[in-house]
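Tertiary structure, described
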Amino acid sequence: MDAFEELAADLFRSEGCWARTGVRLDLTREEKLRIGRHSSPRWEIDLVVWKPAEQMLLALECKSYLDSGGVHAAHFLPGSRYAHRYKLFHDPVLRETVLGRLKQQFVESGLCTPDACVQLGLVHAHATPGNAARLAAHFEAEGWLLFGPDWIRAGLRRLAEGSWENSTAAVVAKLLLRREVASAGTASPRRRTGFKPAPLNLEPDHQQGSFS
């Protein structure tokens, strides 16, 4: 289990979506030949999300890159020497084949509708300001979806302030982010226990990563 993929899945589920991590696709022999990988094992997608209200099926790459330099926009540009890290974003034949197989496999399993729109995207937890801006512009130009640190923080705040949900993301969000609401005549948890939580900085730290 990848912790960051599970976190992202929990956030999508909190929005009313269906989400599954580590989705493996059974490419046919013809599809393997088409992408030049005749001996390729089952293709795996980090996170697949079905948004029923919008009839959208999302194939998402998940990269946390916490405590590092973050995601680099240049890695997604044509000719990048890091194309092997983001194969679906660089190879149009591979992308069309894999996303087509994903939709067919999900339609046959009854997990999405035949008229679903399949879109490629990236979920990431950290990028420097310059890279974040270039990344957003490039993804918009290509028609890809981008879910970054702001989306993650907003989702965690929503979980912290909402009703109980039995997910790791919800539990951690409530432990770290939920503000105490004092009501007349009711002692807050801090008054009862004498525990005073340390303040939590929710602002991005571009040196150490924007979310941890």
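For the structure itself, consult the block above.
Structure report, in brief. (Residues numbered from 1 in each chain as written. Predicted model: local features only at pLDDT ≥ 70, side-chain atom pairs only at ≥ 80, totals over all residues. Heavy atoms only, no water.)

Quick look at the sheet that holds strand 5 (residues 145–147) now. Taking strand neighbours across the sheet as the criterion, the five strands line up as 1-2-3-4-5 in an open arrangement whose pairing is mixed. Across the chains shown, the open sheet's two edge strands, defined by having one partner strand only, are strand 1 (18–25) and strand 5. When strand polarity is set aside, the average angle formed by the axes of neighbouring strands in this sheet is 35 degrees. Where strand 3 (residues 56–63) and strand 4 (residues 117–124) come together, eight bridges link them in parallel fashion. When the sheet's bridge partners are listed, Leu-57 is paired in strand 4 with Val-118. Sitting on the sheet, helix 4 (residues 92–108) is in contact with strand 1, strand 2 (43–51), strand 3 and strand 4, with an inclination near 115 degrees to strand 1. Those strands touched by helix 5 (residues 129–142) are strand 4 and strand 5, and its axis lies near 150 degrees from that of strand 5. (Pairing = 2+ DSSP bridges. Helix = DSSP H or I, 4+ residues; strand = E, 2+ residues; numbered from the N terminus. Axes fitted to C-alpha atoms, helices over the stretch in contact; angles between N-to-C directions. Contact = heavy atoms within 4.5 Å.)

With that out of the way, let us pick up the packing of aromatic side chains. Counting across every chain of the model gives 11 aromatic pairs. On the numbers, 5.7 Å between centres and 80 degrees between planes, the contact of Trp-18 with Phe-106 is edge-to-face. Of this pair, Trp-18 sits in strand 1 while Phe-106 sits in helix 4, and the two are 88 residues apart along the sequence. Looking at Trp-18, the relative accessible area reads 27%, which means it is partly exposed. (Phe/Tyr/Trp six-rings, centres within 6.5 Å; stacked < 30°, edge-to-face > 60°. Buried < 20%, exposed > 50% of the residue type's maximum accessible area, 1.4 Å probe, protein only.)

Bringing helix 6 (residues 149–161) into the picture now. An ideal rise of 1.5 Å per residue puts 18 Å on 13 residues; helix 6 measures up with 18 Å between its terminal C-alpha atoms. Within the span of helix 6, buried status applies to Pro-149, Trp-151, Ile-152, Arg-153, Gly-155, Leu-156, Leu-159 and Ala-160. The elements touched by buried residues of helix 6 are helix 1 (3–14), strand 4, strand 5 and helix 7 (168–177). (Expected span 1.5 Å × (residues − 1).)

So, about the nonpolar core. Among the nonpolar cores identified, the biggest contains 28 residues, and Trp-43, Ile-45, Phe-76, Phe-89 and Leu-102 are the most heavily contacted of them. Looking at this core, the elements that each hand over two or more residues are strand 1, strand 2, strand 3, helix 3 (87–90), helix 4, strand 4 and helix 5. With five residues, the single largest contributor to this core is helix 4. In this structure, Phe-4, Val-123, Phe-147 and Leu-159 belong to the second largest nonpolar core, which totals 26 residues. (Core = buried A, V, L, I, M, F, W, Y, C linked by side-chain atoms within 4.5 Å.)

Positive phi, close to 55 degrees, is recorded for Gln-55, a residue that is not glycine. The partly exposed category is assigned to Gln-55, whose relative accessible area is 24%. Of note in the backbone geometry, Tyr-65 takes a positive phi value of approximately 50 degrees without being a glycine. You can see Tyr-65 is positioned in the loop between strand 3 and helix 3. Relative accessible area serves as the criterion here: at 22%, Tyr-65 is assigned to the partly exposed category.

Another aspect to go through is a nonpolar patch on the surface. Nonpolar side chains collect at one region of the surface, where Trp-164, Val-171, Val-172, Leu-175 and Leu-176 lie side by side and expose about 530 Å² of accessible area between them. With respect to the helices, strands and loops of the structure, Leu-176 is situated in helix 7. For Leu-176, a relative accessible area of 51% translates into the label exposed. (Patch = residues over 30% accessible without salt bridge, like charges linked within 9 Å, V, L, I, M, F, W, Y side chains within 5 Å. Areas by Shrake-Rupley, 256 points an atom, 1.4 Å probe, with all protein chains shown as cover. Salt bridge = Lys/Arg side-chain N within 4 Å of Asp/Glu carboxyl O.)

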